[in-house]
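Per-entry structural report
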Amino acid sequence: MSLMRKKSVQGMLATAQTSRGLRKELSAFDLTMLGIGAIIGTGIFVLTGTGATIAGPGLVLSFVISAFACGFAALCYAEFASMLPISGSTYTYAYATLGELIAWIIGWDLLLEYLLASSAVSVGWSGYFQSLLAGFGVRLPEALTAAAGSVPGKDTLFNLPAFSIAMIITALLAFGIKESKRVNNIVVLIKVAVVLLFIAIGVWHVKPANWQPALPFGFSGVFHGAAIVFFSFIGFDAVTCAAEEVKNPAKDIPRGVIWSLAVCSILYVVVAAIMTGIVPYLQFAGVDHPVSLALQVAKLNWFAGFVDLGAILGMMTVILVMTYGQTRILFAMSRDGLLPKIFSDVNPKYGTPYKATWLIGTVIALIAGLVPLHTLAELVNIGTLAAFTLIALSVIVLRKREPDLPRKFVCPAVPLIPGLAILFCGFLMTQLSLLTWTCFAIWLVIGLVVYFGYSRRNSLLHNPA
């Protein structure tokens, strides 16, 4: 029964109020910008091309399906976030509803999601950055352009740009959330402007004939595409990691989650429709800059440089928010005794988990610099889908167990909406490869070893003060 021990909601709120806390600096607007900053990046600038080769013009439906899966999950997140304004996101919610072991698995799962997502986006940023430098005639030494073995026929050793951007973002996060939010808000406004400008210009170059056939690979292609481009929506859940740094969390977190997801869903669907209307879907094969390709086909080369700049800025904010979410989940797990105390040590000057930020940021940078990350999108997706499924289940459980808890935001139509979240996310998980499932299982086994070897006996529920 100790594996299913739960933390009371009241106890969690008391711990957050009496502990050495994080600074409350964020508003609903900041949270919306944080969510958009996390969502718009690799998905819209890279994965749209990959998705088009899988689903064809049906990519629009792929984005719609993924948006619905995330939308149902977002309503569940919003209910929990308004009720439990505490760092830790899904991990914290599971601890209050499903028990310590499930909470540990979710927390461990989220560590993998944010760690690999930050590293993968750093590598994607490196490619766009080097492309931008090449436009000015500047080229890095071949050995420092990519990880060893990642580019056939080239003697690459280390991805210096990917390592560098990860460390720069780490430094920014370590020195304060106020400074981080200012940079994020400015960059988000710039990259959204770039996307809107692409829509305004690109729509006049659409050729409806390119949308035929609409589903060249049938609905199986649409569903597989949805499982891949789901990566594009990852990030709105990171908003809930900021709970203890929000001025009015009960109202602002649900707004930030829902607003950011709604804005990005609309932009993704419109951009996917325009891109596949400008470029025949088969031409996206092997292209890692699909938006730029669409502009080149439309003979708008003058705008391609702006898109490259937007992609660079967009990926920077994704790295920032993902790394931020990683450190706050570590903070919550450490405060509960499941990880060493170093991860919940808040620097009195900067008001951030300073040591944890530098430690995890360095790990992210090294992975980005040293490891070729070819299958990261799928591996990150399966972890996120598992987390979304469990948060939806948690809403149903807590509604029955503690129906009288105050909820500033109420997920509508329970258990229908959470049930749809479970159904959509579970279905998308079945569309992922066997290799992805195998890697995910190995990571979970490692997590169980850590839990039974360290976390279970060091838990504050096992050793109450």
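Thresholds applied
- Residues numbered from 1 in each chain as written.
- Predicted model: local features only at pLDDT ≥ 70, side-chain atom pairs only at ≥ 80, totals over all residues.
- Heavy atoms only, no water.
- UniProt positions renumbered as here; feature names shortened; annotations may be inferred.
- Helix = DSSP H or I, 4+ residues; strand = E, 2+ residues; numbered from the N terminus.
- Rg over C-alpha atoms; globule rule 2.2 N^0.38 Å.
- Buried < 20%, exposed > 50% of the residue type's maximum accessible area, 1.4 Å probe, protein only.
- Contact = heavy atoms within 4.5 Å.
- Areas by Shrake-Rupley, 256 points an atom, 1.4 Å probe, with all protein chains shown as cover.
- Lys, Arg positive; Asp, Glu negative; His and termini not counted.
- Charge placed at Lys NZ, Arg CZ, Asp CG, Glu CD.
- Core = buried A, V, L, I, M, F, W, Y, C linked by side-chain atoms within 4.5 Å.
- Patch = residues over 30% accessible without salt bridge, like charges linked within 9 Å, V, L, I, M, F, W, Y side chains within 5 Å.
- Salt bridge = Lys/Arg side-chain N within 4 Å of Asp/Glu carboxyl O.

As recorded by an unreviewed UniProt entry, the protein carries the name Amino acid permease and is attributed to Chromobacterium alticapitis. On record in UniProt, under Subcellular location (unreviewed entry), the comment for the protein is "Membrane".

**A few points about the overall build of the protein**
What the protein contains, in helices and strands, is 16 helices and 0 strands. In terms of overall dimensions, the protein is globule-like: its C-alpha atoms have a radius of gyration of 21 Å, near the 23 Å expected for 465 residues. In terms of its C-alpha atoms, the protein occupies a principal-axis envelope of roughly 65 × 50 × 40 Å. In the protein, buried positions account for 58% of the 465 residues. For the protein, long-range pairs separated by at least 24 residues make up 83% of all intrachain contacts whose partners lie at least 6 apart in sequence. For the protein, the exposed area adds up to about 17500 Å²; of that, 71% sits on carbon and sulfur atoms. Charged side chains in the protein number 29 positive and 20 negative. The centres of these two groups are separated by 5 Å.

**A look at the nonpolar core**
Counting 140 residues, the largest nonpolar core has Ile40, Phe45, Phe80, Val195, Phe198, Phe236 and Phe388 as its most contacted members. Setting aside residues up to four positions removed in sequence, Phe236 forms contacts with Ile39, Cys70, Ala73, Ala74, Tyr77, Val257, Ser260, Leu261 and Phe388.

**Thoughts on a nonpolar patch on the surface**
Together, Leu366, Leu370 and Val371 give the surface a local cluster of nonpolar side chains, amounting to about 230 Å² of exposed area. Here Leu366 shows up in helix H13 (residues 354–370).

**Focus: unusual backbone geometry**
Residue Gln212 is joined to Pro213 through a cis peptide bond whose omega torsion reads -5°. Inspection of the secondary structure puts Pro213 in the loop between helix H8 (177–202) and helix H9 (218–229). Omega for the bond connecting Val414 with Pro415 falls within 30 degrees of zero, at 10°, which places this linkage in the cis form. You can see Pro415 is positioned in the loop between helix H14 (376–401) and helix H15 (416–430). A positive phi angle, close to 60°, is found at Lys299, a residue other than glycine. With respect to the helices and strands, the residue Lys299 is situated in the loop between helix H11 (290–297) and helix H12 (301–335). Accessibility expressed as a relative area gives 69% for Lys299, which makes it exposed. Although it is not a glycine, Ala413 adopts a positive phi angle of roughly 55°. Along the chain, Ala413 turns up in the loop between H14 and H15.

**Some points on the pattern of salt bridges**
All told, the structure shown has 6 salt bridges when counted by the stated rule. Measuring nitrogen to oxygen at the nearest pair gives 2.8 Å for the salt bridge that ties Arg5 to Glu100. With Arg5 in the segment before helix H1 (9–18) and Glu100 in helix H6 (residues 100–135), the pair connects residues that are 95 residues apart, well separated along the chain. Neither Arg5 nor Glu100 differs from the other in exposure class; each is buried. For Glu79, the salt bridge is made with Arg407, and the minimal N-O distance between the two is 3.0 Å. Of the two residues, Glu79 is situated in helix H4 (residues 59–83) and Arg407 in the loop between H14 and H15; the sequence distance between them amounts to 328 residues.

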